Amino acid sequence: MTEIVFRLANGTEHRVQAQEGDTVMSAALKNGVPGIIAECGGSCSCATCHCYLPGDKINAFPAMESFEEEMLEGVASERLPTSRLSCQLNITPDHAGIVIDIPATQL
Amino acid sequence: MSNGTVIVGACQAGFQIAASLREKGYGERILLIGEESYAPYQRPPLSKAYMTGDPSIEKLLLRAPGFYEMNKIEFVSGERITEVDLRGGRVVSAGGTAFSFDHLALATGCAARKLPLPGGDLPGVMTLRDIPDALEMRERLHAAENVVVIGGGFIGLESAAVAAKLGKKAVVLEAMDRLLARVVAPPMSDFYAAAHARRGVTVVLNARIERIEGDANGVRGVRMQDGSLLPADLVVVGIGGVARTELAQQVGIECSNGILVDDRARTSIAEVVAAGDVATHRDLYGRATRLESVQNAIDQAKTAAASILGLEEHYTAVPWFWSDQADLKLQITGLSTGYDNFVVRGVPDSESFSLLYYAGDRLIAVDSVGKPADHLAARRILAAGVAVPKDVAADLAVPLKSLLG
Ligand SMILES: Cc1cc2nc3c(=O)[nH]c(=O)nc-3n(C[C@H](O)[C@H](O)[C@H](O)COP(=O)(O)OP(=O)(O)OC[C@H]3O[C@@H](n4cnc5c(N)ncnc54)[C@H](O)[C@@H]3O)c2cc1C
Ligand code: FES
């Protein structure tokens, strides 16, 4: 179990327990965190699982592949240097306590 | 006391109707009834990553079990509904259990079409629709040497790519003169034929099959009409789906290919809604269209939920779809049916390009291979009805996104 925090655009925080094998996306869906939609179920096809990493933790996950990078060009909310697709982020115990921001809209 | 809503069919569309009802504030009872023994799950991975990756089912589930309880959605598994009694406001399962409703939603999906040829039911001749199919296919695939796929559609091509990746000899038999003939234009068909060949899959077009040969121990091969025999220890049949309209027909709901619904997901009996693979709606151009896609299941289900709540929402979402074949991702948006010309953007053999479909000068659909930025921009362009001049479409130096202003 690794505790991570989701912060919605309105500031509300959700603390969730991620299990081994969870991605940031699956941890959000399983725990009923709104704002991560994930229509394609994590296959890097839909861009509705957009999230922002903390500015000082953009290297906390392995670097993205060019496909994800290009997908991010088409996200519905602002694309920032901290933007990632949450379905591509595997959670490990190292991520305990990380605060993930969820954008205002995914569609 | 109110009986609430009964949803028959507990997969992508049924799940979404239930979830959207709660999101939109529905306070009555929700019963989500499915004949499968699993909670609603994703089918797309079954012909893709699931074949070679982690066999656990948990990752396929749309939501963790706790979701249903948390949202007061009563999920009933393993019950096949065989009878609808509209007057009495109840459905009855094969096991004789009755469930009462005020509103009924049909999300019964479709079934894989079986091969209508001699030998089509031999052991080792399979269709791929659900988890039990996928588990059986995984097992047979790992043991097989020669895999023959009948049908060059999405599920067939994805399965062939998986077989090739596992080092099997994979052959795709397509009856038409090109792959994916009903959904893409010739340059895309040609691209996929070449791309699969590069990855070791043999693609046979204009294939004429006589029968499947084998015995009770299993399939041995596919006999072609020219007399030749293709050896096979696994035959995957991917020749499309048939909408499961039985229940609707039983009570006289209008069906044609699927359950006919209006743009509010209402059937010919207004108290009954339908969504997903089972539903046929009028598309943006007024044509009867039945889509088998996750997007359609989700968006139509949201509309159906609104109709149950008496809200007026119209299903106008721009369709989109994806297919993962080997390392190639295809993303499609819009409906290309009825195109009369197209523009190729980029070089197909680079394995990264888009194909833009036009009816006259109007853009109606875009297929992108390895070009997600084109795909996502195209979804917005189609939704907004923005014009895309053909010279711009062909010019890789101009991002499609820039047309959105
Ligand atoms: C192998 C495969 C790969 C796919 N890949 C993609 C892809 O890459 N991208 C994409 O967009 N789409 C893909 N799809 C299509 C997508 O999975 C479907 O469009 C989607 O599942 C449709 O959801 P649905 O709820 O309408 O129907 P279904 O998923 O078919 O669900 C209907 C459910 O209703 C149940 N049911 C039917 N009748 C009864 C009854 N009488 N009583 C009780 N229960 C009943 C069925 O058992 C089933 O569980 C794929 C499908 C398959 C099979
Ligand atoms: S869930 Fe679809 S891209 Fe991440």
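Our structure is the block above this text.
Residues numbered from 1 in each chain as written. Chains lettered and ligands numbered in written order. Predicted model: local features only at pLDDT ≥ 70, side-chain atom pairs only at ≥ 80, totals over all residues. Heavy atoms only, no water.

**Describing helix α4 (residues 131–143) of chain B**
Residues and elements named next belong to chain B. Here α4 is 13 residues long and its end C-alpha atoms lie 19 Å apart, about the 18 Å a rise of 1.5 Å per residue gives. Burial in α4 covers these residues: I131, D133, A134, M137, R138 and L141. The arc that holds every buried residue of α4, seen down its axis, measures 145 degrees, which confines them to one face. Structural note: α4 exposes E139 and A143 on the side pointing more than 90 degrees away from its buried face. Where α4 is buried, its residues contact α2 (49–52), β9 (125–126), β10 (146–150), α5 (154–165) and β16 (234–237). A distance of 3.0 Å separates the backbone nitrogen of D133 from a side-chain oxygen at the start of α4, and that oxygen is part of D130. (Helix = DSSP H or I, 4+ residues; strand = E, 2+ residues; numbered from the N terminus. Expected span 1.5 Å × (residues − 1). Buried < 20%, exposed > 50% of the residue type's maximum accessible area, 1.4 Å probe, protein only. Arc of directions from axis to C-beta. Contact = heavy atoms within 4.5 Å. Polar contact = N/O pair within 3.5 Å; in protein donor to acceptor, adjacent residues only side chain to side chain.)

**Digging into the interface of chain B and chain A**
Each partner contributes to the interface: chain B provides 25 residues, whereas chain A provides 21 residues. For the pairing of chain B and chain A, the buried interface totals around 1800 Å² over both sides, and the portion due to carbon and sulfur atoms is 53%. It is B:P372, B:L376 and B:R380 in chain B that bury the most area against chain A; as a group they hold 24% of the surface buried on that side. Residue A:K30 pairs with B:E58 through a salt bridge whose shortest N-O separation is 2.9 Å. Linking chain B with chain A are nine residue pairs in polar contact (both at pLDDT 80 or more). Looking at the side of chain B that touches chain A, the elements that each hand over two or more residues are α8 (294–308), β23 (320–325), β24 (328–334) and α9 (372–384) of chain B. Examining the composition of the side of chain B that touches chain A, we find that six residues originate from one element, α9(B), more than from any other. Taken together, the residues of the side of chain B that touches chain A break down into 10 nonpolar, four polar and 11 charged. (Buried area = accessible area lost by both parts, 1.4 Å probe. Salt bridge = Lys/Arg side-chain N within 4 Å of Asp/Glu carboxyl O. Nonpolar A, V, L, I, M, F, W, Y, C, P; charged D, E, K, R; others polar.)

**Some words on the sheet that holds strand β6 (residues 98–100) of chain B**
Residue and element names in this part refer to chain B. One open sheet accounts for three strands, arranged β4-β5-β6; its pairing is antiparallel. Edge positions in the sheet fall to β4 (81–85) and β6, since each of these pairs with one other strand and no more. Shown here is a sheet whose adjacent strand axes are inclined to one another by a mean of 20 degrees, direction ignored. Alignment of strand β5 (residues 90–93) against β6, held across three bridges, turns out to be antiparallel. Residue pairing for β6: R90 is matched across the bridge by S100. (Pairing = 2+ DSSP bridges. Axes fitted to C-alpha atoms, helices over the stretch in contact; angles between N-to-C directions.)

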